[in-house]
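# Architecture at a glance
One letter stands for each residue in the lines below.
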Amino acid sequence: PEKQEKVSSDTCKGHLPYTATSLVDKKLSPWRQGLHFIDRKKNENSMGVDVQACSIESTIDGFLIPCKIWRNKNDELPNIKQRASITVAALFIHGGMFSKGDCDSHPKLLQALSEDVNMIIITSSFRNGAVEPEKTGKTMQDLVDVSDYFQSNFMPEQRLPYGVIGSSSGGYFALALAAQKILRFDFCIPICPVAHPNRRATYLKNCISQNAKPTAGCGVHTAEAATRILNSQLSFWETEEAMEAAGECLRENNNAVPTLLIMGAADTNVPMHVCELVQAWATRTIVLGGAGHDIQSSPPVAKEGMEDGFQLYLPDIERFVKTVRMELGMGDINMSALSGENDLCSNA
């Protein structure tokens with residue numbers, strides 16, 4: 001963008017400071033600033049979902065952050081009455097032990113959210129892990145740049161409720177972003193989040209020493225698996241102090257963002273005590289009995305009469321976002337509003 005206003009944030013006891021960019025000149029067309037178009041071809045393997053790719057420049061060093069936009073394919077139907085009504089838009093933050101994953105991670109979940117809940121989902125290949133550890137600030141800045149750009153350039157035009165969804169380690173980043181007061185989020189949905197990195201690290205260390213105690217209906221990791229996950233997590237956080245500060249940052253929901261916490265009762269990767277601080281203030285908590293960590297990326301085992309295991313918690317997400325829309329005083333918005341000039345990844 002040609003005209004920018006830099007706003008600094010140093011909230012949460014000085015943890016995870018970053019700078020967000022807010023556009024001042026609103027006359028320029030949305031989606032035309034800062035986007036580098038990669039490919040407008042549709043994903044032929046998707047069923048009812050259109051996936052488009054683009055990238056956004058990092059405000060730190062100009063790094064091009066690969067992004068993808070998932071939306072219900074019914075938005076292209078010629079009959080407006082048959083087009084899907086988009087409910088909300090969200091930044092989706094992938095998981096991957098704080099060091100793996102990209103904008104193509106969790107495709108089954110992204111498809112379900114786009115196709116069944118009628119969300120428009122924005123994903124990104126933000127930098128993390130040993131290459132860009134937490135102390136560099138680039139992980140949070142990448143996420144802020146993506147979120148701020150989409151929110152500043154697109155959301156005011158379409159008046160959609162805008163939220164953040166995170167899976168596993170991405171769930172922590174989602175909660176941390178929602179806790180910051182510089183970005184507006186209307187809701188937050190963490191799924192099996194590593195809400196307190198140091199508590200998870202302590203659990204993994206106990207698994208390695210074989211001192212971890214299984215809870216009812218939930219086992220523990222093997223020493224080998226725990227070692228692999230812990231090493232990956234430490235490649236990003238590096239120190240116990242950083243992990244502890246990150247977890248304590250979420251002790252209170254000072255920003256009061258409506259939050260739907262989704263967990264699996266049999267999650268051996270993120271035991272329920274890792275999310276205790278968030279459970280204390282979350283707007284609603286859903287615990288799926290017998291479900292493990294895989295629910296954050298793949299559909300759980302469907303119960304009798306269900307075609308898709310995602311139906312175990314997708315209806316809860318749908319009700320939650322409808323409540324958000326009602327509280328914001330917003331009616332249904334048809335996806336046809338996203339066509340034409342505001343085509344998300346068309347060439348300028």
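In this text, all values refer to a predicted model and were calculated from it rather than measured experimentally.

What follows covers the overall build of the protein. Counting its secondary structure elements, the protein contains nine helices and 13 strands. The burial tally for the protein puts 55% of its 348 residues in the buried class. Counting only contacts in the protein whose residues sit at least 6 apart along the sequence, the fraction spanning at least 24 positions is 71%. With the model as given, the accessible surface of the protein reaches about 14,800 Å², and the carbon-plus-sulfur share is 49%.

What follows deals with unusual backbone geometry. Although it is not a glycine, His106 sits at a positive phi angle of roughly 60°. Residue class for His106 comes out buried when judged on its relative accessible area of 10%. A positive phi is found at Cys192, a non-glycine position, where the angle reads about 50°. Mapped onto the secondary structure, Cys192 falls in the loop between β10 (187-191) and α5 (197-208). Given the relative accessible area of 2%, Cys192 is considered buried.

Moving on, we come to the nonpolar core. In this structure, Ile93, Val164, Tyr172, Phe173, Leu177, Trp237 and Val278 are the most contacted members of the largest nonpolar core, which totals 58 residues. With near-sequence residues (within four places) excluded, Leu177 lies in contact with Leu91, Ile93, Met140, Leu143, Val144, Leu183 and Phe185. Judged by nonpolar contacts, the second largest core, of 32 residues, contains Ala90, Val117, Cys192 and Leu288.

On to helix α4 (residues 169-179). In an α-helix, one full turn covers 3.6 residues, which means residues spaced three or four apart are oriented alike. Within α4, 10 of the 11 residues are buried, which leaves the element mostly enclosed by the surrounding structure. For α4, the full list of buried residues reads Ser169, Gly170, Gly171, Tyr172, Phe173, Ala174, Leu175, Ala176, Leu177 and Ala178.

Let's shift gears to the packing of aromatic side chains. With the rule as written, the count across this model stands at 12 aromatic pairs. Taking the centre distance of 5.8 Å and the plane angle of 65° together, the rings of Tyr172 and Phe173 count as edge-to-face. Just as Tyr172 is buried, Phe173 falls in that class too. A ring pair is formed by Tyr172 and Trp237, whose centres lie 5.6 Å apart and whose planes are at 80°; its orientation type is edge-to-face. Residue Tyr172 is found in helix α4, and its partner Trp237 is found in helix α6 (residues 223-237); the two are separated by 65 residues along the sequence. Tyr172 sits in the buried class, given a relative accessible area of 0%. For Trp237, a relative accessible area of 1% translates into the label buried. Grouped by ring-pair contacts, the aromatic residues Phe98, Phe126, Tyr172, Phe173, Phe236 and Trp237 constitute a single cluster.

A separate point is α6. The end-to-end C-alpha separation of α6 is 21 Å, in line with the 21 Å expected for 15 residues at 1.5 Å each. For α6, the full list of buried residues reads Ala225, Ala226, Ile229, Leu230, Ser232, Gln233, Phe236 and Trp237. Summarising the axial view, the buried residues of α6 lie within an arc of 160°, below the 170-degree limit, and thus occupy one face. For α6, the exposed residues lying more than 90 degrees away from the buried face are Glu224 and Arg228.

Of all residues in the protein, 75% attain a pLDDT of 70 or more, and the chain-wide mean is 79. Counting contacts from residues 1-46, a segment whose pLDDT is below 50, to residues more than four positions away or on other chains yields 113 contacts. Every residue in residues 333-348 scores below 50 in pLDDT, and together they form 53 contacts with partners more than four places removed in sequence or on other chains.

Conventions and cut-offs
- Residues numbered from 1 in each chain as written.
- Predicted model: local features only at pLDDT ≥ 70, side-chain atom pairs only at ≥ 80, totals over all residues.
- Heavy atoms only, no water.
- Helix = DSSP H or I, 4+ residues; strand = E, 2+ residues; numbered from the N terminus.
- Buried < 20%, exposed > 50% of the residue type's maximum accessible area, 1.4 Å probe, protein only.
- Contact = heavy atoms within 4.5 Å.
- Areas by Shrake-Rupley, 256 points an atom, 1.4 Å probe, with all protein chains shown as cover.
- Core = buried A, V, L, I, M, F, W, Y, C linked by side-chain atoms within 4.5 Å.
- Phe/Tyr/Trp six-rings, centres within 6.5 Å; stacked < 30°, edge-to-face > 60°.
- Expected span 1.5 Å × (residues − 1).
- Arc of directions from axis to C-beta.
- pLDDT = per-residue confidence, 0-100.

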